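Residues per chain are reported as follows:
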Amino acid sequence: MKDPVRIAITGGAGQISYSLIFRIAAGDMLGPDQPVILQLLEIPQAMDALNGVVMEVNDCAFPLVKDIVATDDPNVAFKDADFALLVGARPRGPGMERKDLLEANAAIFSVQGKALNDHASRDVRVLVVGNPANTNALIASCNAPDLDAGQFTAMTRLDHNRALTQLAQKTGKHVTDVDSMIIWGNHSATQYPDLAQCKVDGKAAFDLVERDWYENDFIPTVQQRGAAIIKARGASSAASAASSAIDHMRDWALGCDGIVSMAIPSDGSYGIEEGIIYSYPVRCQGGKYEIVQGFELDAFSKEKMQATEKELREERAAVEHLLG
Ligand code: NAI
């Protein structure tokens, strides 16, 4: 049996974690031969609820779970963490402006960035799920100067997976037949789900679907999917978000075939401003991700990519004073 790895999860008593923790404990993220120590973080008011979750994890008698830590102290939660899934965030309250939301979350993610910097494993891989995910990841990373910025990522894999299914259903194929799906930019309504490189069963997606469907149905459907789920379910997407977080971390750690979307620090690729956390097409191998280069971009794509980049630059400007 391998040595256990430490997995920190914030917002441990929340909706996403109620699916995420159990699937990680079952081995879905790192495989059936990788024991785990779960280090769960909550705010003090939610510690009772978190303890209830811990009771349930214990009641599952998962063979892979070697220990569980439940705490309201980020320094404890991130101690020696090999993986950190930052799910907990401040939701938008009534009358809260976007700037207030950014600032409230900046306060959380700067503290967590510092705690990761001071206590996590030097190889920690961080995934930010809590919204606004890209900018929260930037804030955490800026507050962790001793860690490489590339260790901080944000989740656009749910958008990627949503886009795969929309295209597969439209073309009457299976998600596994779809290749080279790309989500560019921010995990927000400005994200750009791009089919220009996409193939379905080896055929160019643009030869299989109408341009009108692409621009006026596919793109807004993927962009607005979160709101559609809230409307239908009366609650936000939690199980699918958890599943996508697992996909993101599994592929990063263990590698995968083909292209996936990850929001990562821009290195200037495709003309995007360096430093912002921007979703790119990546390949994952050997525990690392790498931006897929060389795609030709038409005017439509460039405009969409710049619109979502602009939003990320504005988000960064709103929290500039907290970036350390
Ligand atoms: P939730 O409200 O059910 O749970 C959030 C939990 O985080 C709560 O239990 C809360 O007490 C906790 N929390 C708040 N501040 C914390 C802090 N400083 N430290 C530790 N825990 C803290 O929300 P849910 O549904 O689990 O969603 C979590 C976040 O994920 C939200 O921001 C949501 O918008 C985001 N999200 C992101 C997606 C993505 O694709 N990137 C997809 C779906 C949701």
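Since this is a predicted model, take the numbers as computed values, not measurements. (Residues numbered from 1 in each chain as written. Predicted model: local features only at pLDDT ≥ 70, side-chain atom pairs only at ≥ 80, totals over all residues. Heavy atoms only, no water.)

K.L.:
Any chance you could explain the packing of aromatic side chains here in plain terms?
P.N.:
As enumerated under the stated definition, the model contains 12 aromatic pairs in all. Arranged with centres 6.1 Å apart and planes meeting at 70°, the rings of Tyr-192 and Phe-300 form a pair that is edge-to-face. Residue Tyr-192 is found in strand E9 (residues 192–194), and its partner Phe-300 is found in helix H10 (residues 299–318); the two are separated by 108 residues along the sequence. These aromatic residues form a ring-pair network of at least three members: Tyr-192, Phe-206, Trp-213, Tyr-214, Phe-218 and Phe-300. Positioned above the aromatic ring of Phe-206, the side-chain terminus of Arg-211 is 5.2 Å from the ring centre. (Phe/Tyr/Trp six-rings, centres within 6.5 Å; stacked < 30°, edge-to-face > 60°. Helix = DSSP H or I, 4+ residues; strand = E, 2+ residues; numbered from the N terminus. Lys NZ or Arg CZ within 6 Å of the ring centre and 35° of its normal.)

K.L.:
What am I meant to see in the nonpolar core here?
P.N.:
Within soluble globular proteins, side chains that are nonpolar generally end up buried alongside one another. Counting 76 residues, the largest nonpolar core has Ile-7, Leu-20, Leu-38, Leu-85, Leu-167 and Leu-195 as its most contacted members. No other element matches helix H9 (residues 239–254), which puts seven residues into this core. Setting aside residues up to four positions removed in sequence, Leu-20 forms contacts with Ile-9, Leu-85, Val-87, Ala-242, Ala-245 and Ile-246. (Core = buried A, V, L, I, M, F, W, Y, C linked by side-chain atoms within 4.5 Å. Buried < 20%, exposed > 50% of the residue type's maximum accessible area, 1.4 Å probe, protein only. Contact = heavy atoms within 4.5 Å.)

K.L.:
Just checking my understanding: could you explain the site of the ligand for this structure?
P.N.:
As a matter of local geometry, the ligand sits amid 23 residues, with Gln-15, Ile-16, Glu-42, Val-129 and Asn-131 nearest to it. For the ligand, an oxygen atom lies 3.5 Å from a polar atom in the backbone of Gly-14. Within the contact set of the ligand, an oxygen atom lies 3.2 Å away from a side-chain nitrogen or oxygen of His-187. In isolation the ligand has 860 Å² of accessible area, and contact with the protein removes 81% of it. Those elements that provide at least two residues to the shell around the ligand are helix H1 (15–25) and helix H4 (98–119). Residue classes in the shell around the ligand are distributed as 12 nonpolar, 10 polar and one charged. (Near = heavy atom within 4 Å. Polar contact = N/O pair within 3.5 Å; in protein donor to acceptor, adjacent residues only side chain to side chain. Areas by Shrake-Rupley, 256 points an atom, 1.4 Å probe, with all protein chains shown as cover. Nonpolar A, V, L, I, M, F, W, Y, C, P; charged D, E, K, R; others polar.)

K.L.:
Before we go on, may I ask you to explain the UniProt feature "binding site: NAD(+)" (unreviewed entry) in the protein in this structure?
P.N.:
Within this structure's numbering, the places UniProt gives as "binding site: NAD(+)" (unreviewed entry) are Gly-11, Gly-12, Ala-13, Gly-14, Gln-15, Ile-16, Ser-17, Asn-105, Gln-112, Val-129, Gly-130 and Asn-131. Counting through the fold element by element, Gly-11 comes out in the loop between strand E1 (5–10) and H1. Residue classification places Gly-11 among the buried residues on the basis of a relative accessible area of 12%. When neighbours within four sequence positions are excluded, Gly-11 is seen to be in contact with Ser-17, Leu-41, Glu-42 and Gly-88. Mapped onto the elements, Gly-130 comes out in the loop between strand E5 (125–128) and helix H5 (133–142). (UniProt positions renumbered as here; feature names shortened; annotations may be inferred.)

K.L.:
What am I meant to see in the state of the cysteines here?
P.N.:
Among covalent bonds in proteins, the disulfide is the one between the sulfur atoms of two cysteines. Scanning the model with the defined rule gives zero disulfides in all. Cys-198 takes part in no disulfide bond, and the closest cysteine sulfur, belonging to Cys-256, lies 15 Å away. Residue Cys-198 is classed as buried on the basis of its relative accessible area of 2%. (Disulfide = S-S within 2.5 Å.)

K.L.:
What is the right way to read the packing of H1 against helix H2 (residues 47–60) from this model?
P.N.:
Any two packed helices are characterised by how steeply their axes cross, that is the angle between the axes, and by the distance between the axes. H2 packs onto H1 with a crossing angle of 30° between their chain directions and a minimal axis gap of 11 Å. As judged from the angle between their axes, H1 and H2 are roughly parallel. Judged by the sense of rotation from one axis to the other, the crossing of H1 with H2 is right-handed. Between H1 and H2, the residues in contact are Tyr-18, Ile-21 and Phe-22 and Val-53, Glu-56, Val-57 and Cys-60, respectively. Here the residues of the contact of H1 with H2 sort into six nonpolar, no polar and one charged. (Axes fitted to C-alpha atoms, helices over the stretch in contact; angles between N-to-C directions. Parallel < 35°, antiparallel > 145°, perpendicular 65-115°, else oblique. Left-handed = near helix turned anticlockwise from the far one by under 90°.)

K.L.:
Just checking my understanding: could you explain unusual backbone geometry for this structure?
P.N.:
Comment: phi is negative for the bulk of residues other than glycine, and the bulk of peptide bonds are trans. The omega torsion of the bond from Asn-131 to Pro-132 falls at -5°, within 30 degrees of zero and hence cis. Secondary-structure assignment places Pro-132 in the loop between E5 and H5. Backbone geometry at Ser-180 places phi at a positive 60°, although glycine is not the residue there. Within the secondary structure, Ser-180 sits in the loop between strand E7 (178–179) and strand E8 (182–184). Judged by its relative accessible area of 17%, Ser-180 is buried.

K.L.:
Would you mind showing me how to read the UniProt feature "domain: Lactate/malate dehydrogenase C-terminal" (unreviewed entry) in the protein here?
P.N.:
The UniProt record annotates "domain: Lactate/malate dehydrogenase C-terminal" (unreviewed entry) at residues 156–320. Between the end C-alpha atoms of residues 156–320 there is a gap of 23 Å, over a span that is 44% helix and 19% strand.

K.L.:
Sorry if this is basic, but what is going on with the environment of Glu-103 here?
P.N.:
If you trace the backbone, Glu-103 turns up in helix H4. When the C-alpha atoms of Glu-103 and Asp-267 are compared, they prove to be 25 Å apart, with 164 residues separating the residues in sequence. In this view, Glu-103 contacts Ala-318 and His-321; residues no more than four positions away in its chain are not counted.

K.L.:
In this structure, what is going on with H2? I would like to understand it.
P.N.:
Since the α-helix turns once every 3.6 residues, residues separated by three or four places project in the same direction. For H2, built from 14 residues, the straight-helix expectation of 20 Å at 1.5 Å per residue is met to within 8% by its first-to-last C-alpha distance of 20 Å. Listed in full, the buried residues belonging to H2 are Met-47, Leu-50, Val-53, Val-54 and Val-57. Buried positions in H2, seen along its axis, are confined to an arc of 110° and lie on one side of it. More than 90 degrees from the buried face of H2, the exposed residues found are Asp-48, Met-55 and Asp-59. Those residues of H2 hidden inside the fold are in contact with H1, strand E2 (36–41) and strand E3 (65–71). Looking one or two residues past H2, Ala-61 carries a phi angle of roughly 50°, positive in sign. (Expected span 1.5 Å × (residues − 1). Arc of directions from axis to C-beta.)

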